[in-house]
Amino acid sequence: MLPHLQKKKILNLILAKVCDTGWNKESIQVAAEQSKFSFDEVMTDFDNDIGEIVKFFNRCVDEEMVSGLRRGVKKKHSIRGQIKKAILLRLRILSRNKKAFKNTMAYLSFPQNLTLSLDLLYSTADSIWRSIGDKSTDFNFYTKRILLSGIYLPTLLFWIEDRSDGFRDTSAFIDRRIENIMHIQKLRGTLKDKIEDVGGEFVRGFTKH
């Protein structure tokens, strides 16, 4: 088993090749040679699965994001402010390997990688919520992560094509996306209340006869 730091070094070599040739055995072969480990040694450490290397990449970015948020200046932000801060930090980390990440998205778009893609999305949403202190354990635990996934994934797709300075357009997109999600949730809550009110009136009216 390779040490964590050594695995990260190998990952960086792989990402450098993924920029040009995508996620395939050829990229890993070249990176392994540069790391002075054999292809078989590298693949064995990742359970002989390229998807496990992609998962490790995602985990390393999540870990750096969480670490960065903990080191940041402690200010009181709203939940939406903390979420936006976390997403933007993660995008800044990904920007160091943006071309490799675009090829990662292409790899994850294959039908056979759907489960992996959803797993990574959930993992990132969970990391963000935990980093801002979420301690829910009830049904809200899953609801929050689903809602955040609905913010993060569209933002990710927008950011990939963003050419604005400092991701200014992406920052504005996050604001709009959060607002849309909150508006939808508010409408759902209002509709639920109205349905319950109508249902209550119906039951009361029915029981009078």
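Our subject is the structure listed above.
Residues numbered from 1 in each chain as written. Predicted model: local features only at pLDDT ≥ 70, side-chain atom pairs only at ≥ 80, totals over all residues. Heavy atoms only, no water.

**Student:** Please clarify how the environment of Ala125 should be interpreted in this entry.
**Tutor:** Tracing the chain through its elements places Ala125 in helix H7 (residues 114–131). Assessed through its relative accessible area of 3%, Ala125 is described here as buried. Once the C-alpha coordinates of Ala125 and Leu148 are considered, the two residues, 23 residues apart in sequence, prove to be 6.0 Å apart. Ignoring anything within four residues of it in the chain, the contact list for Ala125 reads Arg145, Leu148 and Ser149. (Helix = DSSP H or I, 4+ residues; strand = E, 2+ residues; numbered from the N terminus. Buried < 20%, exposed > 50% of the residue type's maximum accessible area, 1.4 Å probe, protein only. Contact = heavy atoms within 4.5 Å.)

**Student:** I would appreciate a short explanation of the pattern of salt bridges in the present structure.
**Tutor:** Pairs may arise between side chains of opposite charge once their charged atoms sit close together. Summed over the entire model, instances satisfying the criterion amount to 13 salt bridges. Arg96 is paired through a salt bridge with Glu64; the nearest N and O atoms lie 2.8 Å apart. On the criterion of sequence distance, the pair formed by Arg96 in the loop between helix H5 (79–94) and helix H6 (98–108) and Glu64 in helix H4 (residues 50–71) is long-range, its members being 32 residues apart. By relative accessible area, Arg96 is classed as exposed at 55%. Under the relative-accessibility criterion, Glu64 is labelled partly exposed at 32%. As a salt-bridge pair, Lys84 and Asp175 come within 3.0 Å of each other at their nearest N and O atoms. Residue Lys84 is found in helix H5, and its partner Asp175 is found in helix H9 (residues 168–207); the two are separated by 91 residues along the sequence. Among the charged side chains, a network of salt bridges with common partners joins Asp126, Arg130, Asp134, Lys144 and Arg145. (Salt bridge = Lys/Arg side-chain N within 4 Å of Asp/Glu carboxyl O.)

**Student:** Please clarify how H4 should be interpreted in this entry.
**Tutor:** Residues separated by three or four positions in an α-helix point in the same direction, a consequence of the helix having 3.6 residues per turn. The end-to-end C-alpha distance of H4 is 32 Å, a good match for the 32 Å that 22 residues give at a rise of 1.5 Å each. Put simply, Asp49 is the residue that caps the front of H4, since its side-chain oxygen is 2.8 Å from the backbone nitrogen of Gly51. (Expected span 1.5 Å × (residues − 1). Polar contact = N/O pair within 3.5 Å; in protein donor to acceptor, adjacent residues only side chain to side chain.)

**Student:** I tried to follow the environment of Val18 on my own but got confused; where do I start?
**Tutor:** Looking at where Val18 falls in the secondary structure, it is placed in helix H1 (residues 4–21). Taking the C-alpha atoms as reference points, Val18 and Ile28, 10 residues apart in sequence, are found 8.4 Å from one another. The residues touching Val18, leaving out its near neighbours within four places in the chain, are Trp23, Ser27, Ala100 and Asn103.

**Student:** What's the story with the packing of H4 against H5 in this structure? I'm lost.
**Tutor:** For any two helices packed against each other, one specifies the crossing angle of their axes together with the interaxial distance. Across the interface, H4 lies against H5 with an axial gap of 9 Å and an inter-helix angle of 125°. In terms of orientation, H4 and H5 fall into the oblique class. For H4 against H5, the interelement crossing comes out right-handed. Residues Phe57, Asn58, Val61, Asp62, Glu64, Met65, Gly68 and Leu69 of H4 form the contact with H5, whose participating residues are Lys85, Ala86, Leu89, Arg90, Ile93 and Leu94. (Axes fitted to C-alpha atoms, helices over the stretch in contact; angles between N-to-C directions. Parallel < 35°, antiparallel > 145°, perpendicular 65-115°, else oblique. Left-handed = near helix turned anticlockwise from the far one by under 90°.)

**Student:** Teacher, can you tell me more about the environment of Gln82 here?
**Tutor:** Within the element layout of this structure, Gln82 appears in helix H5. As a C-alpha pair, Gln82 and Ile128 span 46 residues in sequence and 8.9 Å in three-dimensional space. Setting aside residues no more than four positions away along its own chain, Gln82 makes contact with His77 and Ile132.

**Student:** Explain the side chain of Ser164 to me, please; I cannot follow it from the model alone.
**Tutor:** Here Ser164 lies in the loop between helix H8 (139–160) and H9. Ser164 sits in the buried class, given a relative accessible area of 13%. Within the structure, the side chain of Ser164 is placed 3.1 Å from the backbone nitrogen of Arg168, a separation counted as a polar contact. Sequence-distant contacts of Ser164, defined by excluding residues within four places in its chain, comprise Asp169 and Thr170.

**Student:** What should I look at first to understand the packing of H1 against H4 in this one?
**Tutor:** One can describe the packing of H1 onto H4 by two numbers: an axis separation of 11 Å at closest approach and a directional angle of 110°. It follows that H1 is roughly perpendicular to H4 by the angle criterion. Side by side, H1 and H4 meet where His4, Lys7, Lys8, Leu11, Ile14 and Leu15 of the first sit next to Ile53, Phe56, Phe57, Cys60 and Glu63 of the second. Counted by class, the contact of H1 with H4 contains 7 nonpolar, 1 polar and 3 charged residues. (Nonpolar A, V, L, I, M, F, W, Y, C, P; charged D, E, K, R; others polar.)

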